[in-house]
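Here are the chains, one letter per residue:
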Amino acid sequence: MAIHPAGIVTPEAVVLDFELAGLASRGVAKLLDVLIQGVALLAVGIAVGFAVPGTAGVVLLVVGFAATVLGYPVLVESVMRGSSPGKAALGLRVVTVEGAPIAPRHAFIRSTVGIIDFLLPPGGLLAVVTSLLSRRGQRLGDLVAGTMVLRERSAAAPPVAVWFSPPHGLEAYARNLDVSSVTAEQFGVIRSFLLRVGELTPEARVAMAFRLADPVKDAMHHRPPPGVHPEQFLVAIAAAYQRRHAGSPPPSAAGTPPPPPPPPPPPVTVGTARPPRTRPLAAEPEREER
């Protein structure tokens, strides 16, 4: 499975749901966030100047500056799930390179490395250059954190929430699955695959199901029961993961997607010949002794 500048590409060259944000929109979003930070710094400076004069006031100003410059991106991107007031105004969101929501550690890395991207002279030039050279439009902070910025608003229909149900006959199996070791990144890739299986040929569909299921089984230290196809296993994992993290379908969910068609049989290896059928040999007649 390869990575495309706009997302993950399947063996059938199908891009999974990514649209990268442009440099101009990211610049405007950054400018709006900087204006908000400037207003916050001004408010902190005025408050500290009146309330805490002298050396203690200077120390508080330094701490407030660091907290505003470094803490603002971490806080808002963690709370707003990869967005910020500036990004929300432009319809942008930060996700991992797999398309999953970012964690606070991703926001912290982006904010820390952002000092190099935006504050080193000439300000912002390094971020522009690295974004132009990166095939995913990533600045240095994105490259280190493993993230990218996507555009959520486009002419295409907006994505809707989808709730997965266990495959028929595997409801009890899905309920007993321990998916605590399944990461958000893995679930994001599994979800994208299950929503796009209809666009794959049978051979590519089987190959991707095996390729996605194997690392999940290894992380869980689990082996599915005999007869459970890898694609059915992935559907059960998606259902169990959603039940563990959400409990019940959210009000905005579009409902359970239609069940996928029966998984195609594993491909037959080319060049493998069946052994020819042979008839049982008749018993040789016993020779008479002379």
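Please refer to the structure placed before this passage.
Residues numbered from 1 in each chain as written. Predicted model: local features only at pLDDT ≥ 70, side-chain atom pairs only at ≥ 80, totals over all residues. Heavy atoms only, no water.

1. Digging into the packing of aromatic side chains
Part 1: Scanning the entire structure with this criterion turns up 1 aromatic pair.
Part 2: Ring plane angle 15° and centroid distance 4.5 Å describe the contact between F187 and Y241, whose orientation is recorded as stacked. Remark: Y241 occurs in helix 10 (residues 230-246) and F187 occurs in helix 8 (residues 184-195); sequence separation between them is 54 residues.
Part 3: Judged by relative accessible area, F187 falls into the buried class, the value being 14%.
Part 4: Taking NZ or CZ as reference, K30 lies 4.4 Å from the ring centre of F118, over its face. (Phe/Tyr/Trp six-rings, centres within 6.5 Å; stacked < 30°, edge-to-face > 60°. Helix = DSSP H or I, 4+ residues; strand = E, 2+ residues; numbered from the N terminus. Buried < 20%, exposed > 50% of the residue type's maximum accessible area, 1.4 Å probe, protein only. Lys NZ or Arg CZ within 6 Å of the ring centre and 35° of its normal.)

2. Some points on the packing of helix 8 against helix 9 (residues 202-220)
Pairs of packed helices are described in terms of their axes, by the angle between the two and the distance that separates them.
Part 1: Across the interface, helix 8 lies against helix 9 with an axial gap of 11 Å and an inter-helix angle of 160°. As summarised for this structure, helix 8 and helix 9 are arranged roughly antiparallel, according to the angle between their axes. Judged by the twist between their axes, the crossing of helix 8 over helix 9 is left-handed. Contacts between helix 8 and helix 9 involve Q186, V189, I190 and F193 from the first element and R205, M208, A209, L212, P215, V216 and A219 from the second.
Part 2: Taken together, the residues of the contact of helix 8 with helix 9 sort by class into 9 nonpolar, 1 polar and 1 charged. (Axes fitted to C-alpha atoms, helices over the stretch in contact; angles between N-to-C directions. Parallel < 35°, antiparallel > 145°, perpendicular 65-115°, else oblique. Left-handed = near helix turned anticlockwise from the far one by under 90°. Contact = heavy atoms within 4.5 Å. Nonpolar A, V, L, I, M, F, W, Y, C, P; charged D, E, K, R; others polar.)

3. As for the pairing of strand 3 (residues 92-96)
Part 1: Within strand 3, 4 of the 5 residues are buried, which leaves the element mostly enclosed by the surrounding structure.
Part 2: Note: strand 3 against strand 4 (residues 147-151), 5 bridges, orientation antiparallel. Its bridge partner lying in strand 4, L92 is registered against R151. (Pairing = 2+ DSSP bridges.)

4. Some details on the nonpolar core
Part 1: L177, F193, L194, F233, L234 and I237 are the most contacted members of the largest nonpolar core, which has 32 residues in total.
Part 2: For this core, the secondary structure elements donating two or more residues are helix 7 (171-175), helix 8, helix 9 and helix 10.
Part 3: Formed by 8 residues, the second largest nonpolar core is a distinct cluster that contains A21, A29, L92 and I102. (Core = buried A, V, L, I, M, F, W, Y, C linked by side-chain atoms within 4.5 Å.)

5. Quick look at unusual backbone geometry
Part 1: Positive phi is not limited to glycine here, since R81 has a value of about 55°.
Part 2: Here R81 shows up in the loop between helix 2 (55-79) and helix 3 (85-90).
Part 3: Judged by relative accessible area, R81 falls into the exposed class, the value being 53%.

6. Observations concerning the pattern of salt bridges
Part 1: Enumeration over the complete set of coordinates arrives at 9 salt bridges.
Part 2: Note that R110 is salt-bridged to D142, the shortest N-O span being 2.6 Å. Remark: D142 occurs in helix 6 (residues 140-145) and R110 occurs in helix 4 (residues 104-119); sequence separation between them is 32 residues.
Part 3: For R110, a relative accessible area of 4% translates into the label buried.
Part 4: Of the residues examined, D142 reaches a relative accessible area of 0% and is grouped as buried. (Salt bridge = Lys/Arg side-chain N within 4 Å of Asp/Glu carboxyl O.)

Take it as geometry only, folks, not as evidence of what the structure does.
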